[in-house]
Amino acid sequence: MTDLSPGFLHEPDPANPGWMRWGFKDPTRFNALLGDMIVRTEPDGRVRMRAFPQRQHSNLGDNVHGGALLGWIDVALFATCRSHGIIEAGTAVTLDLSTQFIGAGRLDAPLDCVSEVLRTTRRLVFIRGLVEQGDAIIASYSGTVRKPSG
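All chains use their own residue numbering, which begins from 1 and follows the written sequence. This being a predicted model, a pLDDT of at least 70 is required before a residue's local features are given, and a value of 80 or more before pairs of side-chain atoms are given or counted; all residues contribute to the totals for chains, interfaces and linings. Only hydrogens and water are set aside; all other atoms, that is, all heavy atoms of the structure, feed into the side-chain values.

**Things to note about the side chain of arginine 48**
In this structure, arginine 48 sits in strand 4 (residues 47–51). Here a polar contact means two N or O atoms within 3.5 Å. Within protein one must be a hydrogen donor candidate and the other an acceptor candidate, and residues neighboring in sequence count only if both atoms are side-chain atoms. Side-chain polar atoms of arginine 48 contact the side chain of glutamate 42, separated by 2.7 Å. Within the structure, arginine 48 has its side chain in polar contact with the side chain of glutamate 132 (distance 3.3 Å). In this description a helix means any DSSP run of H or I spanning at least four residues, a strand means any run of E spanning at least two, and both kinds are numbered starting from the N terminus.

Listed below in structure tokens is the structure:
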């Protein structure tokens with residue numbers, strides 16, 4: 001896939017063979033607050049976006065803050081779209097995101113947002129997924145992305 005956005009980072013991750021680095025090249029954008037993220041497409045077509053929680057992503061209970069989790073889930077929606085060639089980086093937007101928090105995320109292990117595309121239309125992409133940490137399910141989610149116009 002040709003990268004139409006020079007500010008977007010989507011390239012092989014030498015530290016994690018089979019994974020792509022994910023994010024923006026500009027460290028002053030919001031996504032930089034979420035830390036390093038990598039992504040890969042699973043054999044069944046689901047997309048796994050991995051995040052690495054750190055102390056700045058914690059709440060007062062020393063677990064992953066719900067706001068950080070929502071940020072990673074939102075990024076996972078776009079990683080899923082791009083991994084399937086549905087959109088490029090740019091002006092696509094999240095129209096809705098519904099999340100059910102099921103368990104506490106720990107700071108000492110990666111979190112995986114595992115997403116699947118349910119349906120695409122001319123303008124919309126419907127996605128659902130789970131946030132996993134090891135064998136635990138941390139959250140479930142569904143969201144809709146509006147494709148860029150043009």
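**With respect to the pattern of salt bridges**
By salt bridge we mean one thing: a side-chain nitrogen of Lys or Arg within 4 Å of a carboxyl oxygen of Asp or Glu. Taken as a whole and assessed by the stated rule, the structure comprises 10 salt bridges. Across the salt bridge formed by glutamate 42 and arginine 40, the nearest N and O atoms sit 2.8 Å from each other. Burial classification: accessible surface area is computed with a 1.4 Å probe over protein chains only, and a residue below 20% of its type maximum counts as buried, one above 50% as exposed, and the rest as partly exposed. Taking relative accessible area as the criterion, glutamate 42 reaches 12% and is therefore assigned buried. Given the relative accessible area of 28%, arginine 40 is considered partly exposed. Between aspartate 112 and arginine 50 there is a salt bridge, and its shortest N-O distance comes to 2.7 Å. With aspartate 112 in strand 6 (residues 111–120) and arginine 50 in strand 4, this residue pair connects regions lying 62 residues apart in the sequence. Residues joined in a network through salt bridges with shared partners are Arg40, Glu42, Arg48, Arg50, Asp112 and Glu132.

**Notes on a nonpolar patch on the surface**
Patch membership needs two things, relative accessible area over 30% and no salt bridge, and members are linked within 9 Å if like-charged or within 5 Å if nonpolar (Val, Leu, Ile, Met, Phe, Trp, Tyr). Per-residue and other accessible areas were derived by the Shrake-Rupley procedure at a 1.4 Å probe size, with only the shown protein chains allowed to occlude residues. A cluster of nonpolar side chains, Leu70, Leu97 and Phe101, forms an exposed patch at the surface whose accessible area comes to about 240 Å². In this structure, leucine 70 sits in helix 1 (residues 66–83). On the basis of relative accessibility, which here comes to 33%, the residue leucine 70 falls in the partly exposed class.

Take it as geometry only, folks, not as evidence of what the structure does.
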